[in-house]
Amino acid sequence: MSTAQNEGRQARIEFNKLQKRLRRNVGNAIIDFNMIEEGDKIMVCLSGGKDSYAMLDILMNLQRTAPVNFELVAVNMDQKQPGFPEEVLPSYLDQVGVPYHIIEKDTYSVVKEVIPEGKTTCSLCSRLRRGTLYGFAEEIGATKIALGHHKDDIVETLFLNMFYGGRLKAMPPKLLADDKRNIIIRPLAYCRESDIAAYAEHQAFPIIPCNLCGSQENLQRQAIKQMLQDWDQKQPGRTDTIFAALQRVSPSQLADRGLFDFVSLELDRSGEPRPERDDSDIFGTRIEESDKKESGVQVMEIMPSS
């Protein structure tokens, strides 16, 4: 076997591993959060970016083998950005054979009129887009709205809310809208962005860049993304560990009085007292290895000694 043939074979093996990993992660997320049920009509929001293309592609593959029957319909919102290649998505969707709708709504002009030049447009843009898509989901009878946010997006949002909003909040893999009229699912919740990027490159999806914001390199999200990438380089798997923490919340160890009733705490000395603390623990903490692995991450629990 020649060097070129060997390299080609190795590339195919690596892609097969990547494809299986992504499908497994999407399948596990769907099962864990009961994202898709018998008879569901899933509105797949397609932006033209790598994440939404990968989500649609993986869902179409799972649709052929899933134990439940569900329908997929792709929806793109044409926001009338100057130079937007309107023909790209319809051509791709016709090629792959999925039903689709293109919603035409000029939110570009609204955003440009409201947001001062040089300021971040993402927040208003996403709100306008979300409102339109939610209404359209009802119009076509969709029972779930699928968004292409992945694990990195979710962890980034956690830190954005902590650092800039003073809230311990991220993006859940499954969400009931405030008005209870729509259910949002994020099938890529267990997938890493690096895997999605590699998959999109191999599949040669016709990526459409978002030019609405122009060059906003100093956005808060970009700063958080860089911070997490630096952490992952220094300690591989840290983003996975942080995501695992979102699935192992201890309300009594935080300080939200609405989440846990601190006011009504009472002593109860009816049982046997706990063993005394080991005085050799000079830091006043006790570290235990959890025997439960979340998302392939070995979690270390740090708990106060008392």
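Computed from a predicted model, the values in this text were never measured in an experiment. (Residues numbered from 1 in each chain as written. Predicted model: local features only at pLDDT ≥ 70, side-chain atom pairs only at ≥ 80, totals over all residues. Heavy atoms only, no water.)

Undergrad: Explain the sheet that holds strand E6 (residues 183–185) here, please?
TA: Strand pairing in a sheet takes place through backbone hydrogen bonds and is either antiparallel or parallel in direction. Sheet architecture is open: 6 strands sit in the order E3-E2-E1-E4-E6-E5, paired in mixed fashion. Edge positions in the sheet fall to strand E3 (100–104) and strand E5 (174–176), since each of these pairs with one other strand and no more. Ignoring which end each strand starts from, the neighbouring axes of this sheet average 25° apart. Sheet topology places strand E4 (residues 144–146) next to E6; 2 bridges connect them, and they run parallel. (Pairing = 2+ DSSP bridges. Helix = DSSP H or I, 4+ residues; strand = E, 2+ residues; numbered from the N terminus. Axes fitted to C-alpha atoms, helices over the stretch in contact; angles between N-to-C directions.)

Undergrad: What exactly am I supposed to notice about the side chain of Asn 76 here?
TA: When you line up the elements, Asn 76 lands in strand E2 (residues 71–78). You can call Asn 76 buried: its relative accessible area is 3%. At 2.8 Å, the side chain of Asn 76 forms a polar contact with the backbone oxygen of Leu 46. The residues contacting Asn 76, other than those within four sequence positions of it, are Leu 46, Ser 47, Phe 84, Leu 89, His 101, Ile 102 and Ile 103. (Buried < 20%, exposed > 50% of the residue type's maximum accessible area, 1.4 Å probe, protein only. Polar contact = N/O pair within 3.5 Å; in protein donor to acceptor, adjacent residues only side chain to side chain. Contact = heavy atoms within 4.5 Å.)

Undergrad: Quick question: what am I supposed to make of the pairing of E2 here?
TA: Regular strands place side chains that alternate from one sheet face to the opposite one. Of all 8 residues in E2, 7 are buried, a share of seventy percent or more. In this structure, strand E1 (residues 41–45) lies alongside E2, joined through 5 bridges in parallel fashion. In the sheet register, Lys 41 faces E2, and the bridge partner there is Glu 71. Taking the sense of rotation as the criterion, the β-α-β connection linking E1, helix H2 (residues 50–65) and E2 turns out right-handed. Summarising the sheet, E2 and E3 pair through 5 bridges and their orientation is parallel. Across the sheet, residue Met 77 finds its bridge partner in E3, namely Ile 103. In this region the chain leaves E2, passes through helix H3 (residues 88–96) and returns to the parallel neighbour E3; the handedness of that crossover is right-handed. (Right-handed = clockwise from strand over helix to strand, strands pointing away.)

Undergrad: Could you clarify how one ought to interpret the packing of aromatic side chains in this entry?
TA: Working definition: an aromatic ring pair is given by the centre-to-centre distance plus the angle between the planes. Tallying each qualifying case throughout the model produces 10 aromatic pairs. Judged by centre distance (5.3 Å) and plane angle (10°), the rings of Tyr 53 and Phe 205 are stacked. Residue Tyr 53 is located in helix H2, and its partner Phe 205 is located in the loop between helix H7 (193–203) and helix H8 (220–234); the two are separated by 152 residues in the primary sequence. Here the aromatic cluster, defined as three or more aromatic residues joined through ring pairs, consists of Phe 15, Tyr 53, Tyr 92, Tyr 199 and Phe 205. In this structure, Arg 238 is placed above the aromatic ring of Trp 231, and the distance from its NZ or CZ to the ring centre is 5.3 Å. (Phe/Tyr/Trp six-rings, centres within 6.5 Å; stacked < 30°, edge-to-face > 60°. Lys NZ or Arg CZ within 6 Å of the ring centre and 35° of its normal.)

Undergrad: Would you take a moment to explain the packing of helix H6 (residues 151–165) against helix H9 (residues 238–246) for this structure?
TA: Geometry of a packed helix pair, given as the angle between the helix axes and the separation of the axes. At their nearest, the axes of H6 and H9 sit 10 Å apart, and the two run at 70° to each other. In terms of orientation, H6 and H9 fall into the roughly perpendicular class. For the pair H6 and H9, contact is made by Lys 151, Asp 152, Ile 154, Val 155, Leu 158 and Phe 159 and by Thr 239, Asp 240, Ile 242, Phe 243 and Leu 246, respectively. The class makeup of the residues in the contact of H6 with H9 is 7 nonpolar, 1 polar and 3 charged. (Parallel < 35°, antiparallel > 145°, perpendicular 65-115°, else oblique. Nonpolar A, V, L, I, M, F, W, Y, C, P; charged D, E, K, R; others polar.)

Undergrad: Just to check I follow, could you spell out the packing of H8 against H9 for this structure?
TA: The interhelical angle for the contact between H8 and H9, taken along N-to-C directions, is 115°, at an axis separation of 8 Å. The orientation of H8 relative to H9 falls into the category roughly perpendicular. Side by side, H8 and H9 meet where Leu 228, Trp 231 and Asp 232 of the first sit next to Arg 238, Thr 239 and Ile 242 of the second. Tallied by class, the residues present in the contact of H8 with H9 amount to 3 nonpolar, 1 polar and 2 charged.

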